[in-house]
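# Structural features, examined
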Amino acid sequence: MIKAIIFDLGGVVFRDGTKYAIQEMKEKLNFSEKLGLELLLGKPASDFRKGLLTSEEFWKYVQSKIPPKIKASKIKSIWYTNYISFPGMFELIKELNSKFKLGIISGNIKERIEYLNEKYDFRKYFDVEIYSFDLHTTKPDKLMWEKALKLLNLDAKECIYVDDNPESVNTANSMGFKAIRFEDVSQLKKELGNLGIKF
């Protein structure tokens, strides 16, 4: 029997803001794709997500990599504002919240979570939140899922996990979760229905 549904954030609850931010930096700031990838997906960005770099340290690094006339705060604004919720997602989450425990497992940045919560007030719908910056590791490390199960006090077989990343979906499946590869909200509803979730 399913008792909990756990969501990834970027690419599931919100669109993949990093991908869109890199595109916006190319179009508006004339950055190469290589520079965009280095800034937002390179090792320093990974360490930032893991809580191994402070905000000050990360944005100082970003500033050192971009033209002096462009401020790192501009990159931050482009990056964070490109995380936009998928239409219909919060309606679905609210509906599920009335019937199941809900969780988050996300490789994310503390200040971006704070920004998104201020904008969308989404954290109130979730019973458990597992973030890379708290555990100093990120997906596909099984520790992320193990921590969620411990806090939920459930077995993997009692949980559905939703992610857009195939590697994370495979990891969750290998641990006994019923994992869904997210494409869009209507597809997710259909997949949940196939697992016996009624709306």
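Residues numbered from 1 in each chain as written. Predicted model: local features only at pLDDT ≥ 70, side-chain atom pairs only at ≥ 80, totals over all residues. Heavy atoms only, no water.

The next subject is the packing of aromatic side chains. This model, assessed by the stated rule, comprises 20 aromatic pairs. Where Phe 14 meets Phe 122, the ring centres are 5.5 Å apart and the plane angle is 80°; that geometry is what we call edge-to-face. Taken together, the positions of Phe 14 in the loop between strand E1 (4-7) and helix H1 (17-29) and Phe 122 in the loop between helix H7 (110-120) and strand E3 (128-131) put the pair 108 residues apart, joining distant regions of the chain. In this pair, the class of Phe 14 matches that of Phe 122, namely buried. Where Phe 48 meets Phe 58, the ring centres are 4.5 Å apart and the plane angle is 15°; that geometry is what we call stacked. One end of the pair, Phe 48, is in helix H3 (residues 43-49); the other, Phe 58, is in helix H4 (residues 55-65), with ten residues separating them in the sequence. Under the relative-accessibility criterion, Phe 48 is labelled buried at 6%. Assessed through its relative accessible area of 0%, Phe 58 is described here as buried. Clustering of aromatic rings is evident, with ring pairs tying together Phe 7, Phe 14, Phe 90, Tyr 120, Phe 122, Tyr 125 and Phe 126. Between the NZ or CZ atom of Arg 15 and the centre of the ring of Tyr 20, over which it lies, the distance is 3.8 Å. It is Arg 112 that lies over the ring of Trp 79; its NZ or CZ is 5.0 Å from the centre. (Phe/Tyr/Trp six-rings, centres within 6.5 Å; stacked < 30°, edge-to-face > 60°. Helix = DSSP H or I, 4+ residues; strand = E, 2+ residues; numbered from the N terminus. Buried < 20%, exposed > 50% of the residue type's maximum accessible area, 1.4 Å probe, protein only. Lys NZ or Arg CZ within 6 Å of the ring centre and 35° of its normal.)

Time to look at the pattern of salt bridges. This model, assessed by the stated rule, comprises ten salt bridges. In this structure, Asp 121 engages Lys 124 in a salt bridge whose closest nitrogen and oxygen atoms are separated by 2.9 Å. Lys 139 is the partner of Asp 163 in a salt bridge, and the nearest nitrogen-oxygen pair spans 2.9 Å. One end of the pair, Asp 163, is in strand E4 (residues 159-163); the other, Lys 139, is in the loop between helix H8 (132-135) and helix H9 (143-152), and 24 residues separate them in sequence. With relative accessibility at 1%, the residue Asp 163 sits in the buried group. (Salt bridge = Lys/Arg side-chain N within 4 Å of Asp/Glu carboxyl O.)

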